[in-house]
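# Coordinates in review
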Amino acid sequence: KAGVTQTPRYLIKTRGQQVTLSCSPISGHRSVSWYQQTPGQGLQFLFEYFSETQRNKGNFPGRFSGRQFSNSRSEMNVSTLELGDSALYLCASSKRTGASTDTQYFGPGTRLTVL
Amino acid sequence: AQKITQTQPGMFVQEKEAVTLDCTYDTSDPSYGLFWYKQPSSGEMIFLIYQGSYDQQNATEGRYSLNFQKARKSANLVISASQLGDSAMYFCAMREEPNDYKLSFGAGTTVTVRA
């Protein structure tokens, strides 16, 4: 069974630009969550999508947005990039059955560098 | 307030020995799940083991076991018979409600296995 895939793996952008990251969940998984990992702030939750609807959102500015498609694939967008947006962006998928045992499985991440 | 605390920034362990990674958590929710993930230098987060708040027994998964002490709000990970491939960052995470798919992560512990 294929794992969570994320594209691209690496990105270099300049301040002010926008970027779109993509995540394909494990087959059969309907929930996709996004996390930002930086050396200073650690791992922080961005948002979760299920059935094409945002279900939960972390404490990030409106420049960070996302969406989910009918095939459960998800994209996140960051507009007007700032230097502080340089991070590893991790996507995780789960079955979202509502059981407490539901596990989130992570992709390899997209490493974004903002110059 | 920090929901997950990992007090050991880094640890060294000899190959074939056991190592215990500390994790304490803070929640008032009676239903929660605790997860441990491994992050090698490649960046991908690998799920290791899960413990539910209502589980009577400590979770085990191969060489990984969880020392769950609910009253103390601790969920320490034990890696037995350490291997060189165990060198990585280890994160403790918590999900507080069955339908809340946001994971709160600790700062992580870096484990280095010496030959």
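Below is a summary of the structure that appears in this document. (Residues numbered from 1 in each chain as written. Chains lettered and ligands numbered in written order. Predicted model: local features only at pLDDT ≥ 70, side-chain atom pairs only at ≥ 80, totals over all residues. Heavy atoms only, no water.)

## A look at the overall build of chain A
From N to C terminus, chain A includes zero helices and 11 strands. Going from the N terminus to the C terminus, chain A shows its helices and strands as β-β-β-β-β-β-β-β-β-β-β. What you see for chain A is a C-alpha radius of gyration of 13 Å, in line with the 13 Å of a compact globule of 115 residues. Along the three orthogonal principal directions, the C-alpha set of chain A runs to about 40 × 25 × 25 Å. The buried share of chain A, taken over its 115 residues, is 50%. Taking the intrachain contacts of chain A between residues at least 6 apart in sequence as the baseline, contacts between residues at least 24 apart amount to 54%. Put simply, chain A shows about 5300 Å² of open surface, and 47% of that area lies on carbon and sulfur atoms. The distance from the centre of the 13 positive side-chain charges to the centre of the 6 negative ones in chain A is 4 Å. (Helix = DSSP H or I, 4+ residues; strand = E, 2+ residues; numbered from the N terminus. Rg over C-alpha atoms; globule rule 2.2 N^0.38 Å. Buried < 20%, exposed > 50% of the residue type's maximum accessible area, 1.4 Å probe, protein only. Contact = heavy atoms within 4.5 Å. Areas by Shrake-Rupley, 256 points an atom, 1.4 Å probe, with all protein chains shown as cover. Lys, Arg positive; Asp, Glu negative; His and termini not counted. Charge placed at Lys NZ, Arg CZ, Asp CG, Glu CD.)

## Side note on the nonpolar core
If you look at soluble globular proteins, the nonpolar side chains tend to sit buried side by side. Core analysis: the largest hydrophobic core is formed by 25 residues, its most contacted members being Leu 21, Tyr 25, Leu 34, Trp 36, Ile 49, Leu 77 and Tyr 90 of chain B. For this core, the elements supplying multiple residues, two or more each, are strand S2 (10–14), strand S3 (19–21), strand S5 (33–39), strand S6 (46–52), strand S8 (64–69), strand S9 (74–79), strand S10 (88–95) and strand S12 (109–114) of chain B. If one sorts the elements of this core by residue count, S10 of chain B sits on top with four residues. Of all hydrophobic cores here, the second largest spans 21 residues; its members include Cys 23, Leu 46, Phe 47 and Phe 64 of chain A. (Core = buried A, V, L, I, M, F, W, Y, C linked by side-chain atoms within 4.5 Å.)

## Considering the packing of aromatic side chains
Throughout the structure, instances matching the rule amount to 15 aromatic pairs over all chains. Aromatic pair Phe 47 of chain A and Tyr 49 of chain A: ring centres 5.6 Å apart, planes at 70 degrees, arrangement edge-to-face. Ring plane angle 50 degrees and centroid distance 6.0 Å describe the contact between Tyr 37 of chain B and Phe 105 of chain B, whose orientation is recorded as tilted. Remark: Phe 105 of chain B occurs in strand S11 (residues 104–105) and Tyr 37 of chain B occurs in strand S5; sequence separation between them is 68 residues. Three or more aromatic residues joined by ring pairs form one cluster here, namely Tyr 35, Phe 45, Tyr 105 and Phe 106 of chain A together with Phe 35, Tyr 37, Phe 47, Tyr 50, Phe 91 and Phe 105 of chain B. The ring of Phe 50 of chain A has Arg 96 of chain A sitting right over it, with the charged end atom 4.9 Å from the ring centre. If you follow Arg 95 of chain B out to its NZ or CZ, it ends over the ring of Tyr 101 of chain B, 4.3 Å from the centre. (Phe/Tyr/Trp six-rings, centres within 6.5 Å; stacked < 30°, edge-to-face > 60°. Lys NZ or Arg CZ within 6 Å of the ring centre and 35° of its normal.)

## A word on the interface of chain A and chain B
Contact residues are listed per partner, giving 24 residues for chain A and 18 residues for chain B. Where chain A meets chain B, there are eight residue pairs in polar contact (both at pLDDT 80 or more). (Polar contact = N/O pair within 3.5 Å; in protein donor to acceptor, adjacent residues only side chain to side chain.)

## Concerning the sheet that holds strand S1 (residues 5–7) of chain A
Strands belonging to one sheet form pairs held by backbone hydrogen bonds; the direction of such a pair is parallel or antiparallel. Residue and element names in this part refer to chain A. The four strands lie next to each other as S1-S3-S8-S7, forming an open sheet whose pairing is antiparallel. Of all strands in the sheet, those with a lone pairing partner are S1 and strand S7 (64–68), marking the two edges. Between one strand and the next, the sheet's axes are offset by a mean angle of 20 degrees, whatever the strand orientation. Pairing of strand S3 (residues 19–24) with strand S8 (residues 74–78) involves five bridges; the strand directions are antiparallel. For Thr 20, the partnering residue across the bridge sits in S8 and is Asn 77. (Pairing = 2+ DSSP bridges. Axes fitted to C-alpha atoms, helices over the stretch in contact; angles between N-to-C directions.)

## Some words on the layout of surface pockets
Here the largest pocket defines a volume of roughly 440 Å³. As for the largest pocket, its lining consists of 18 residues, of which Leu 43 and Gln 44 of chain A together with Gln 2, Ser 104 and Phe 105 of chain B are closest to the centre. Counting residues per element, the ones that place at least two in the lining of the largest pocket are strand S5 (42–50) of chain A together with S11 of chain B. The element contributing the most residues to the lining of the largest pocket is S5 of chain A, with four residues. The class makeup of the residues in the lining of the largest pocket is eight nonpolar, eight polar and two charged. The space that makes up the second largest pocket amounts to roughly 270 Å³. Forming the walls of the second largest pocket are 20 residues, and the residues nearest its centre are Gln 37, Thr 38, Pro 39 and Arg 111 of chain A together with Gln 39 of chain B. Considering each element in turn, the lining of the second largest pocket owes the most residues, three residues, to strand S11 (residues 110–114) of chain A. (1 Å grid on protein atoms, 1.4 Å probe; cavity = no way out; pocket = protein on both sides within 12 Å on 5 of 7 lines; lining within 4 Å. Points joined across faces, edges and corners; volume = space filled by probe spheres on them. Nonpolar A, V, L, I, M, F, W, Y, C, P; charged D, E, K, R; others polar.)

Read these as geometric descriptors, not functional statements.
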